[in-house]
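# What the coordinates show
Listed below are the residues making up each chain.
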Amino acid sequence: MTIYWLLSVPAHGDGHVAWRDVKSRVGDAEVYDFTLPQFKIGTLDTLVRLSDELAKFDTSYENTTGKFIDTLRNLTNTTNSALAAHLLVEDKSVDQYIRSFSWNNSKYRSDRSLPEIVSQIADDMGVIDASLKTKLTQYNAIKNSLATVRRKQTGNLSVKALDGIVTRENCITDSEYLITAFVAVPKNLTKEWTNGYERLTDMVVPRSSKRIAEDSEYVLYSVVLFKRVLDEFTTKARDARFIVRDFVYDEEAMARDQLKAREIVEQEEELLDNIAEWIKGSFSAVFSAWVHIKALRVFVESILRYGIPPDFLPILVKPSLKQAPKIKHSLAEFYSYLETSTRASDRAKLAGKSSSAYRRQTDDSAFDMHEFSNVLSDYTPFVFFELPWTFLDSD
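Below or above, wherever it landed, is the structure these notes cover. (Residues numbered from 1 in each chain as written. Predicted model: local features only at pLDDT ≥ 70, side-chain atom pairs only at ≥ 80, totals over all residues. Heavy atoms only, no water.)

### Some thoughts on the environment of Glu30
Among the secondary structure elements, Glu30 is positioned in strand β2 (residues 30-33). Residues Glu30 and Lys318, 288 residues apart in the sequence, show an inter-C-alpha distance of 5.0 Å. (Helix = DSSP H or I, 4+ residues; strand = E, 2+ residues; numbered from the N terminus.)

Below, the structure is given as C-alpha cells:
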C-alpha cells in the first residue's frame, strides 16, 4: 500500500526554512517538491464554494480511477504487477508522475479563473466517463451474444445447438404432412418417454422414436408426427418435463449460424482489445485530472487557511505506513501554533476537509456532536490531503 500526503504549511517569507522544518519532522519519509502556479484567487465566496465542489470532484475522480483500473483488470484478466506496466501517466509510472508533478499549464492555463479551470477538468472527465459507459455497454451487449453462442456450443442437449449432432438421415425433410421432432429427455425419465410418447397427442407415428445422442443430463430422441399437432405435442411434452427442441434441419441456416457465431467471437475479441487500449490511453488523462484537482484543493484550502497574499509551501510526502501516525502527530504538534482559537467550531471551519460539514451543522438547529467529533478527528492545523495509490495492492 502506497500513500502520499499533500501538505501545505506557512512559508513565513522563506520557503527554504519551511521545507527544512517539515523535513526535520518526517524522519525517513520521502519529501518532494509540489510546485503550484500563482492562480487567480478570486473572492472569498468563490473559494468557499470551490472548497465544497473540489471535495466532491476529488472523491468522484478517485472512484473513476478505481473503475478504470478494475475494468482493465477484468477485461485483460491480468495480475496487478503486470497491470501496473500499462498504467502510465504522461509516459511515466504513477509513482514517477506523482513525485515529479508539475502543473500542466498548456492544458489547464493558470491565468484563467479557478472556477474556469475546475469546469474544464470536470468537462474533460465527463466526456471520458461517458465514453467509458458507452464502450462498456457495447462490450456487454456483444459479450451477452457470445455467452448465448457458447451456451449453444457447450450446454447440455436441452439448449445446445444440434448442428453436427442431427444429420439429414435423422430427419424427414420431403413430406408435406409429417415432421421429425427432436426431444431432450432427462435421463431419469427415459422410461416414461419410451412408454408414453405415442400417447402425448394423436397423430404420433407409432414406434418412430429413435435415440440420437446423450450427455450427462439428457437423452436426445427423434419422433415423427403430423405437422398439424406439433404445437400440441410440444405443450404436452413440456408438461411431462420433456423438452421439444426448436430445430429444423436446414444446412444453409446452420452454415449461417456457424458464420454468425465466428463473427461474434471475432467482434468480442476486437472490441475487448479496443476498449483495453482505450482505457490504457485514457488512464493518463483520468489520473492527471484527479491529481490536478488535489492540487487545486491544496491551493484553495491554503488561501482559506493562511490568508492572502499567498505565503505557503506545498509539499509532497511519502510516509511509511508504520511511521505515518507518528509523523502526522509530530507535524501537528509543531504547527499547533496555527490554531488561533480553541473553539472547536472555529477549528472545524478552518479545516479544508470539513468546511461543508461545518456549514451544514451550524445552519441546523440540531447539533450532532458525534458527527462533529468525527470531523475533528481528521483535523490538522496545516493543510493536509491524502493521495492514496492503493488500487494495485492485492492480486
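Here the narrative resumes, following the displayed structure.
### Describing helix α9 (residues 324-334)
For α9, the set of buried residues is Ala324, Ile327 and Leu331. Across the axial projection of α9, the buried residues extend over an arc of 65°, all falling on one side. Opposite the buried face of α9, by more than 90 degrees, sit the exposed residues Pro325, Lys326 and Glu333. Structurally, α9 contributes buried residues whose contacts are with β1 (2-10) and α1 (15-23). (Buried < 20%, exposed > 50% of the residue type's maximum accessible area, 1.4 Å probe, protein only. Arc of directions from axis to C-beta. Contact = heavy atoms within 4.5 Å.)

### Looking at the sheet that holds strand β10 (residues 383-389)
Pairing within the open sheet is antiparallel, and its four strands lie in the order β2-β9-β1-β10. Each having just a single partner strand, β2 and β10 make up the two edges of the open sheet. Between one strand and the next, the sheet's axes are offset by a mean angle of 25°, whatever the strand orientation. Here β2 pairs with strand β9 (residues 312-318) via four bridges, running antiparallel. Directly across from Asp33, in β9, lies its bridge partner Ile315. (Pairing = 2+ DSSP bridges. Axes fitted to C-alpha atoms, helices over the stretch in contact; angles between N-to-C directions.)

### A look at the pattern of salt bridges
It is possible for side chains bearing opposite charge to pair when their charged atoms get close. Tallying each qualifying case throughout the model produces eleven salt bridges. A salt bridge links Lys67 to Asp129; its shortest N-O distance comes to 3.1 Å. Taken together, the residues Lys67 in helix α2 (residues 44-76) and Asp129 in helix α5 (residues 114-154) connect sequence positions 62 residues apart. Taking the relative accessible area as the measure of exposure, Lys67 reaches 31% and is therefore partly exposed. Judged by relative accessible area, Asp129 falls into the buried class, the value being 18%. Linking Asp111 and Arg109 is a salt bridge whose minimum nitrogen-to-oxygen distance equals 3.1 Å. Note on Asp111: relative accessible area 41%, which makes it partly exposed. (Salt bridge = Lys/Arg side-chain N within 4 Å of Asp/Glu carboxyl O.)

So, to be careful, I would describe these as geometric facts and stop short of saying anything about function.
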